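Overview (structure and organization)
Listed below, chain by chain, are the residues.
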Protein chains: 2
Amino acid sequence: MFTLDESEQVTHWYNVVADLPTPPPPPLHPGTREPVGPDDLGPLFPIELIMQEVTTERYVEIPDPVREVYRQYRPSPLFRARRWEQRLGTPARIYYKYEGVSPAGSHKTNTAVPQVYYNSLHGITRLTTETGAGQWGTALSYAAALFDVQCEVWQVGASFDTKPQRRTLIEVFGGTVHRSPSRLTESGKAFPEDHSGSLGIAISEAVEVAAQAEDTKYALGSVLNHVLLHQTVIGEETLRQLAKAGESAVDLVVGCAGGGSNFAGLAFPFLREKLAGTQDPRILAVEPSSCPTLTRGEYRYDFGDTAGLTPLMKMYTLGHDFVPSPIHAGGLRYHGMAPLVSHAVHEGLIDATALDQTECFEAGLEFARTQGIVAAPESSHALAQARREALAARDSGEEKVIVIGLSGHGLLELGAYDAFLGGRLEDDPLSDADLASALAGVPEV
Amino acid sequence: MFTLDESEQVTHWYNVVADLPTPPPPPLHPGTREPVGPDDLGPLFPIELIMQEVTTERYVEIPDPVREVYRQYRPSPLFRARRWEQRLGTPARIYYKYEGVSPAGSHKTNTAVPQVYYNSLHGITRLTTETGAGQWGTALSYAAALFDVQCEVWQVGASFDTKPQRRTLIEVFGGTVHRSPSRLTESGKAFPEDHSGSLGIAISEAVEVAAQAEDTKYALGSVLNHVLLHQTVIGEETLRQLAKAGESAVDLVVGCAGGGSNFAGLAFPFLREKLAGTQDPRILAVEPSSCPTLTRGEYRYDFGDTAGLTPLMKMYTLGHDFVPSPIHAGGLRYHGMAPLVSHAVHEGLIDATALDQTECFEAGLEFARTQGIVAAPESSHALAQARREALAARDSGEEKVIVIGLSGHGLLELGAYDAFLGGRLEDDPLSDADLASALAGVPEV
């Protein structure tokens, strides 16, 4: 386990926009299709987050009250996976950066805390959000408790019904959970009460409530630039911890990518080093074969939500009305990808690959039995790809240095592991026909 | 968060027997009622553990392979609970030592690893054990995976039926789980298959299987001297971490006590300092009011199991056929208490108190919303007592230093928190009549 001294703590988030060879295309207003300005976002976000969304400064200072909360669980540990290396018989040196130690059990806490903090500066007393797998709702609920802000979470109906522990955890931290579609919003009432819901409906409900009340704003847990910015604390710490471990040249940085914030948080500081020529790692995003946004989607302007209410973002997309197979990595079931990650992939700076979920759970099981950590189903995608690379290194004899982003623990997802152990888990890669049908819904811009 | 450098790592377990003013009474053979010797334990335990059970050496070196596994999660973090202090408005400085970061999510890993390691030295290929709440079965399953030993766990039927996640976690680590009473043993077959089981029955099944096979031994997760010895790594680290925090005089050390190993692991190194006169902390064990072994039990020879097959141990006991109320802190539902802890309490070196579970969950909720950790229901007993002391310090204005042993996380016990949040949790303190009835079963020795 590699830690950092007080004097080595990260004090600034890193903004990759400052170093990208070409600027990312701007988001467009869904009505006018003109570039979105800071004013358009005012009803939903506080000014500090809006400025972070558009800034081109290389570094943004982390406010003291946020750093104080970070200190409760940061630096998150960087581990060398020695037992797993031995089991695989690989000469590769495998490191994993583990965000599961955070209060919410995932990287989501890193952005929930600053988001709540900035809102609290403006007298906001209530935040609304949606949650699918539940990690984001948990993180926002915890952060809200710290700053005496109320937190209301619209949880996708199917998830609400099947994962009562996740709802309880949000409530333990003080948040309120509504099954979506709820009877509290017009967006929800448009659907029957027993509808299984979707992330798109839940977003609409949370946004509707936030837009109607002066003291209420909305918070988003991935995709946007400011969210990715907050997550860069992961990669900044990892670089310093690797230096302490004596590693100055990483060969591969690998993380799972759903909306893209976990991946970007680890990857962007490495991308800075790559662009500066100090290191030359391959940076690799892993997604599920049933929701292969980067590997099979198109790089086009599309909506962030199903209803088409959000700005149009230039990103890899499968189409905003795409409904992925109900795989267990709920956090990876998103039709789009963060515009900054999409842009970097399109520029050839970052690679992507897609894996079937059973291979991921197989790797997760092996990892648990050697390293003692039950990875979230999302994180197991990074493990499975690292395993492939480590086995290739075994065959080639190369002493590769592999760094894995382990975004969270899977202790509330043991039902998924049970399904895998019981042989009840199947792969469901996206078919060409379904892909074509989904892409047909992307608007012409 | 206070950590330790590589050179400050704990290298030896501490044996409190070397420093106790009077020697603890020996265990007695259940048949002859003569003191038990090392030979009597040979069928169940490897020689190293038997020697640790009876040693009077002050320090026992931690073997390298065990230290290597410890390094994966140790030193466990010591935190200052600043936000909770603020919420309580107390001048007390509250520290908590958190064992929930271990692979099994509790302190149990600390003894599971050396127990499996010593067994592996003697060609043992299978270990059997029982589990109630499930923490111990999880820890042994994980440790067994590391040393390529099979692990079979008999889980109390009621727990097996209501906590499928716990069974899954044991299986993820590679262990096998049997619902107890099983059809695999004579002890199990004595009960109907749908019987809800008990820790007593599960122990009998695991012991029966271990006694019948050459390559199989049994492992116990608490109560015995060698188990307490392994846990002292907790208190040794805490003393060093407190020194780094600038605290050389602790006023209160508080932990929950079920079988006693978590409590002793934190407390015994502090007791050494107390006996040496370098510090003078009050050392306080907290137990549930429904299973008040130390506060209302009698200090007598009694059996460790329900069936009366184990040696007779001099300990505080409620009677070996006592069945406690089904409170959620499953790890605190034991009729007896570790002989070493019992002896220290009887000698007046350690105090004890009992609390109702609703007060404990209330403290657990407050702790989660400030410190971001969902404590195990067992650990919440230590939190509730610390809360009382911190509020008393607020009223008296005393700058007390309080150290809490937080034995594990409660992420697999969210159903208990849900019951508390929903107002469905009741207190059930042991009645005088039930106590008298249970004590009537203690044998005359």
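Above: the structure in question.
Right, let's walk through the structure included here. All values derive from a computational prediction rather than experimental measurement. By convention here, each chain's residues receive numbers from 1 onward along its written sequence. Each chain gets a letter, beginning with A, and each ligand a number, beginning with 1, in the order they are written. In view of the model being predicted, local features appear only for residues whose pLDDT reaches at least 70, and side-chain atom pairs are presented and counted only at 80 or more, with totals across whole chains, interfaces and linings using the full set of residues. Values reported for side chains reflect all heavy atoms of the structure, with hydrogen atoms and water molecules removed beforehand.

A few points about the overall build of chain A
Assigned secondary structure in chain A consists of 19 helices and 14 strands. Taking 22 Å as the expected radius of gyration for a compact globule of 445 residues, we find that chain A reaches 20 Å, a close match to that expectation. Each of the three principal axes of chain A carries a C-alpha extent, and together these read 60 × 50 × 45 Å. Within chain A, the fraction of its 445 residues that count as buried is 64%. The contacts in chain A between residues at least 6 apart in sequence include a share of 76% that link residues at least 24 apart. Each accessible area is a Shrake-Rupley estimate made with a 1.4 Å probe; only the visible protein chains count as cover when residues are assessed. Accessible surface computed for chain A: about 15,100 Å², of which carbon and sulfur atoms make up 49%. For this count, His and the chain ends are skipped, Lys and Arg are scored as positive, and Asp and Glu as negative. By convention, charge coordinates are those of NZ in Lys, CZ in Arg, CG in Asp, or CD in Glu. Between the centroid of the 35 positive side chains of chain A and the centroid of its 57 negative side chains there is a distance of 6 Å. Under the DSSP-based scheme used, a helix requires at least four consecutive residues in state H or I and a strand at least two consecutive residues in state E, with every element numbered from the N terminus. Atoms counted for the radius of gyration: C-alpha only. Globule rule: 2.2 Å times residue count to the power 0.38. The buried label goes to any residue with under 20% of its type's maximum accessible area, the exposed label to any with over 50%, and the partly exposed label to all in between, with areas taken from a 1.4 Å probe on protein chains only. Whether two residues are in contact is decided by their heavy atoms, any of which lying within 4.5 Å being enough.

Points about the interface of chain A and chain B
The partner chain B presents 38 residues to the 38 residues of chain A that form the contact. Throughout, buried area stands for the accessible area (probe radius 1.4 Å) lost by two parts on being put together, summed over both. Its largest share of buried area at the contact with chain B, chain A owes to Arg83, Val172 and Arg369 of chain A, together 20% of the area lost on that side. A side-chain nitrogen of Lys or Arg and a carboxyl oxygen of Asp or Glu constitute a salt bridge if their distance falls within 4 Å. Connecting chain A to chain B are four salt bridges. One salt bridge connects Arg83 of chain A with Glu68 of chain B, and the closest N-O pair in it is separated by 3.7 Å.

Quick look at helix 5 (residues 109-120) of chain A
Residues and elements named next belong to chain A. One less than the residue count of a helix, multiplied by 1.5 Å, gives the span that helix is expected to have. Taking 1.5 Å per residue, 12 residues should reach 16 Å; helix 5 reaches 16 Å between its end C-alpha atoms and fits that length. Taking burial as the measure, the 12 residues of helix 5 include 11 buried ones, the bulk of the element. Along helix 5, the positions that sit buried rather than exposed are Thr109, Asn110, Thr111, Ala112, Val113, Pro114, Gln115, Val116, Tyr117, Tyr118 and Asn119.

Things to note about the packing of helix 6 (residues 135-146) of chain A against helix 8 (residues 164-172) of chain A
Angle between the axes and distance between the axes: these two values describe a pair of packed helices. All names here are of chain A. Helix axes are fitted only over the stretch in contact, all axes being lines through C-alpha atoms; the angle between N-to-C directions runs from 0 to 180 degrees. The geometry of helix 6 relative to helix 8 is characterised by a closest axis approach of 8 Å and an angle of 15 degrees between their N-to-C directions. Our classification of the angle between helix 6 and helix 8 gives roughly parallel. Crossing hand, helix 6 versus helix 8: left-handed. Contacts between helix 6 and helix 8 involve Gln135, Gly137, Thr138 and Ser141 from the former and Arg166, Leu169 and Ile170 from the latter. Among the residues making up the contact of helix 6 with helix 8, the classes are represented as two nonpolar, four polar and one charged. Throughout, the term roughly parallel applies to angles under 35 degrees, roughly antiparallel to angles over 145, roughly perpendicular to angles from 65 to 115, and oblique to all others. By convention, the crossing between two helices is left-handed when the near helix turns anticlockwise from the far helix through less than a right angle, and right-handed when the turn is clockwise. Polar here means any residue other than Ala, Val, Leu, Ile, Met, Phe, Trp, Tyr, Cys and Pro, which are nonpolar, and Asp, Glu, Lys and Arg, which are charged; Gly is therefore polar.

Concerning the pairing of strand 7 (residues 176-180) of chain A
All names here are of chain A. When you tally the buried positions in strand 7, you get four out of five residues, the bulk of the element. Two strands qualify as a pair provided DSSP detects at least 2 bridges between them. Summarising the sheet, strand 6 (residues 150-156) and strand 7 pair through five bridges and their orientation is parallel. Looking at the pairing, Trp154 lines up with His178 of strand 7.

Some remarks on the relation of the copies chain A and chain B
The transformation that overlays chain A on chain B combines an axial shift of 0.0 Å with a rotation of 180 degrees, and the residual RMSD is 0.0 Å. Such a combination of turn and shift is consistent with a two-fold rotation axis. Comparing interface residues between copies, 100% of those in chain A also lie at the interface in chain B; the contact surface is shared. Copies overlap after least-squares fitting; the atoms used are the C-alpha atoms of residues with pLDDT of at least 70 in both.

Examining helix 8 of chain A
Those residues of helix 8 of chain A that sit buried are Arg166, Arg167, Thr168, Leu169, Ile170 and Val172 of chain A. Immediately beyond the C-terminal end of helix 8 of chain A, within one or two residues, lies Gly174 of chain A, with a positive phi of roughly 105 degrees.

Observations concerning the pattern of salt bridges
The final tally for this structure, using the stated rule, is 54 salt bridges over all chains. A salt bridge links Asp161 of chain A to Arg179 of chain A; the shortest N-O distance between them is 2.9 Å. Of this pair, Asp161 of chain A sits in helix 7 (residues 157-162) while Arg179 of chain A sits in strand 7, placing them 18 residues apart in sequence. Look at Arg179 of chain A and you get buried, because its relative accessible area is 19%. Note that Lys163 of chain B and Glu413 of chain B form a salt bridge whose closest N and O atoms lie 2.9 Å from each other. Here Lys163 of chain B is found in the loop between helix 7 (157-162) and helix 8 (164-172), whereas its partner Glu413 of chain B is found in the loop between strand 14 (401-406) and helix 18 (414-421), with 250 residues between them in sequence. In this pair, the class of Lys163 of chain B matches that of Glu413 of chain B, namely buried.

A word on the environment of Ala393 of chain A
All names here are of chain A. With respect to the element layout, Ala393 can be found in helix 17 (residues 377-396). Take Ala393: its relative accessible area is 1%, and that puts it in the buried class. For the pair Ala393 and Met1, spaced 392 residues apart in sequence, the C-alpha separation works out to 23 Å. Among residues more than four places away in sequence, those in contact with Ala393 are Thr90, Pro91, Ala92, Glu398 and Lys400.

A short note on the sheet that holds strand 13 (residues 351-355) of chain B
All names here are of chain B. Taken in spatial order, the six strands line up as 3-4-14-9-10-13 in an open sheet, and their pairing is mixed. Strand pairing shows two members of the sheet lacking a second neighbour, strand 3 (78-80) and strand 13, which therefore form its edges. The mean inter-strand angle of the sheet, taken between neighbouring strand axes irrespective of direction, is 25 degrees. Here strand 4 (residues 93-98) runs beside strand 14; their pairing, made up of six bridges, is parallel. Each residue of the ladder has a partner; that of Tyr95, found in strand 14, is Val403. Its contacts with the sheet put helix 12 (residues 233-244) on strand 3, strand 4 and strand 14, and the angle it makes with strand 4 is roughly 140 degrees.

Topic: the sheet that holds strand 7 (residues 176-180) of chain B
Residue and element names in this part refer to chain B. The strand order across the open sheet built from four strands is 7-6-5-8, with neighbouring strands paired in parallel fashion. Only two strands of the sheet have a single partner each, and these edge strands are strand 7 and strand 8 (216-218). Pairwise comparison of adjacent strand axes, ignoring direction, gives a mean angle of 25 degrees for this sheet. Of the strand pairs in this sheet, strand 5 (residues 126-131) and strand 8 are connected by three bridges, and their pairing is parallel. Counterpart to Leu127 in the pairing with strand 8 is Lys217.

A word on the nonpolar core
Counting residues in each nonpolar core, the largest one holds 260 residues, and the members touching the most others are Phe268, Val341 and Ile404 of chain A together with Phe268, Val341 and Ile404 of chain B. Beyond its immediate sequence surroundings of up to four residues, Phe268 of chain A is in contact with Tyr14, Val16, Leu228, Thr232, Leu340, Val341 and Ile350 of chain A. Remark: nonpolar core denotes a set of buried residues (Ala, Val, Leu, Ile, Met, Phe, Trp, Tyr, Cys) joined through side-chain atoms within 4.5 Å.

Focus: the side chain of Lys97 of chain A
Residue and element names in this part refer to chain A. One can find Lys97 in strand 4 (residues 93-98). Among the residues examined, Lys97 registers a relative accessible area of 1% and is labelled buried. Here a polar contact is taken to be a pair of N or O atoms separated by no more than 3.5 Å, where protein atoms must pair a possible hydrogen donor with a possible acceptor and residues adjacent in sequence count only if both atoms sit in side chains. Separated by 2.6 Å, the side chains of Lys97 and Glu237 make a polar contact. The residues contacting Lys97, other than those within four sequence positions of it, are Arg74, Ser76, Pro77, Leu78, Ile234, Glu237, Thr238, Gln241, Ile404, Gly405 and Leu406.

Everything listed here is a matter of coordinates, which is why it stays silent on function.
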